[in-house]
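# Survey of secondary and tertiary structure
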Amino acid sequence: MVDYKKLQIRYTLRGEPVELVFQWAGFDVVNSILTHLVSLHVEPNLIPAQERTGNGGTRNIQKDINLIEHGIDDVSYFDEESQKWLEIPTKWLVNV
């Protein structure tokens, strides 16, 4: 069974500061944060059924999400071990 931990994050959403706490499994902190932000602020892009890639189609191909284009910037999280706020580099926000 997974022991969930609480993680504090800060970010800017369309110029407004946001701070929240969410539960995570304790693994891969940066990808967990970025995935959580996508689930909160990015509408799913539904696509029609397509052929499999082996048959020349584009099925199961998903484009990277650019969080900056969705108004999210200055993402940081509180690291319990160092007791400091650590910033996620901006270049990581463009290919989620």
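So, here's what we can say about the structure. These numbers were taken from a predicted model, which means no experiment stands behind them. (Residues numbered from 1 in each chain as written. Predicted model: local features only at pLDDT ≥ 70, side-chain atom pairs only at ≥ 80, totals over all residues. Heavy atoms only, no water.)

## Here's the deal with the overall build of the chain
Helices and strands together make up the secondary structure of the chain, namely 1 helix and 4 strands. Counted from the first residue to the last, the chain has its helices and strands arranged as β-β-α-β-β. Looking at the chain as a whole, 28% of its 96 residues qualify as buried. At a minimum sequence separation of 6, the contacts of the chain that also span at least 24 residues come to 50%. Accessible surface for the chain amounts to roughly 7,300 Å². Of this, 49% is attributable to carbon and sulfur atoms. (Helix = DSSP H or I, 4+ residues; strand = E, 2+ residues; numbered from the N terminus. Buried < 20%, exposed > 50% of the residue type's maximum accessible area, 1.4 Å probe, protein only. Contact = heavy atoms within 4.5 Å. Areas by Shrake-Rupley, 256 points an atom, 1.4 Å probe, with all protein chains shown as cover.)

## Some details on helix H1 (residues 29-41)
Relative to the 18 Å expected for 13 residues at 1.5 Å per residue, H1 spans 18 Å between its end C-alpha atoms, a close match to the ideal helical length. Three or more residues of H1 are buried, namely Val29, Val30, Ser32, Ile33, Leu34, His36, Leu37 and Val38. Buried residues along H1 sit in contact with strand S1 (5-13), strand S2 (16-24) and strand S3 (72-79). (Expected span 1.5 Å × (residues − 1).)

## Regarding the sheet that holds S2
Strand order across the open sheet formed by 4 strands is S2-S1-S3-S4, with antiparallel pairing between neighbours. With one partner strand each, in any of the chains shown, S2 and strand S4 (84-87) form the two edges of the open sheet. Strand after strand, the sheet turns through a mean of 30° between neighbouring axes, direction not considered. Here S3 pairs with S4 via 4 bridges, running antiparallel. Bridge pairing in S4 links aspartate 79 to lysine 84. (Pairing = 2+ DSSP bridges. Axes fitted to C-alpha atoms, helices over the stretch in contact; angles between N-to-C directions.)

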